[in-house]
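# A closer look at the structure
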Amino acid sequence: VREVLKAEPLRIARLNVAKNLLGSALAGSIGGFNAHASNLVTAVFLACGQDPAQNVESSQCITTIEAVPTPDGDHDLRIACTMPSVECGTVGGGTALPAQAACLRMLGVAGAADPPGENAAQLARVICATVLCGELSLMSALSSNHLISAHLALNRRPAAPAAD
């Protein structure tokens, strides 16, 4: 965690409780106890020919992050995303578009499967895994104050006035 994400496991776990769990509860969220699952669901949906209108139901996600003690007295992370209603398919609609069909083939889930629904179930798992990776990345960046520094370094600030 420290080496790759440049973040502290205990800080990430505490931030998850404060932001994703308590913050979402105080905001009145129903099923949205996460950092940004809908952004990732929408990205995969568009890439794989899914109906982006299903984002609301499919983005219901609870992200849990625990700091787990290691034998040497340090901590690792245990992260999970629970997504009970990912609505996706691998046959029909936008799945036949060339770019989207190529993405589904690359993931090994294009078309119908035997048993029926297995490719859709695997695509749902891929979507959840993508959300988990995005949640870990964002929570790491937020917990170590890297998000704002990255935005500033990448020139995400107000544009300078145009010269006349």
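Residues numbered from 1 in each chain as written. Predicted model: local features only at pLDDT ≥ 70, side-chain atom pairs only at ≥ 80, totals over all residues. Heavy atoms only, no water.

### Side note on the nonpolar core
In this structure, M83, L123, I127 and V131 are the most contacted members of the largest nonpolar core, which totals 18 residues. Those elements giving two or more residues to this core turn out to be helix 3 (37-47) and helix 6 (118-143). The contacts of M83, once residues within four sequence positions are left out, are V41, S58, S59, Q60, C61, C128 and V131. Membership of the second largest hydrophobic core comes to eight residues, among which are A7, I12, A13 and M139. (Core = buried A, V, L, I, M, F, W, Y, C linked by side-chain atoms within 4.5 Å. Buried < 20%, exposed > 50% of the residue type's maximum accessible area, 1.4 Å probe, protein only. Helix = DSSP H or I, 4+ residues; strand = E, 2+ residues; numbered from the N terminus. Contact = heavy atoms within 4.5 Å.)

### Topic: the pairing of strand 2 (residues 61-69)
Two strands pair when backbone bridges link them, and strand 1 (residues 32-33) and strand 2 are joined in this way by two bridges, in the parallel orientation. When the bridges of strand 2 are listed, F33 appears paired with I62. Examined bridge by bridge, strand 2 and strand 3 (residues 75-82) share eight bridges and lie antiparallel to one another. Pairing of P69 across the sheet is with H75, part of strand 3. Hairpin geometry of strand 2 and strand 3 is characterised by an intervening segment of five residues between the two adjacent antiparallel strands and by a positive phi of about 90° at G73. (Pairing = 2+ DSSP bridges.)

### Notes on helix 6
With 26 residues, helix 6 should cover 38 Å at 1.5 Å per step; its first-to-last C-alpha distance of 37 Å lies within 8% of that length. Two residues or fewer after helix 6 comes N145, characterised by a positive phi angle close to 65°. (Expected span 1.5 Å × (residues − 1).)

### Quick notes on the environment of T90
For T90, the location among the structural elements is in the loop between strand 3 and helix 5 (98-107). Linking T90 and A110, residues 20 residues apart in sequence, is a C-alpha distance of 5.6 Å. Among residues more than four places away in sequence, those in contact with T90 are T95, V109, A110, G111, N119, A120 and L123. Here the side chain of T90 touches G111 through a polar contact of 2.7 Å, landing on its backbone oxygen. (Polar contact = N/O pair within 3.5 Å; in protein donor to acceptor, adjacent residues only side chain to side chain.)

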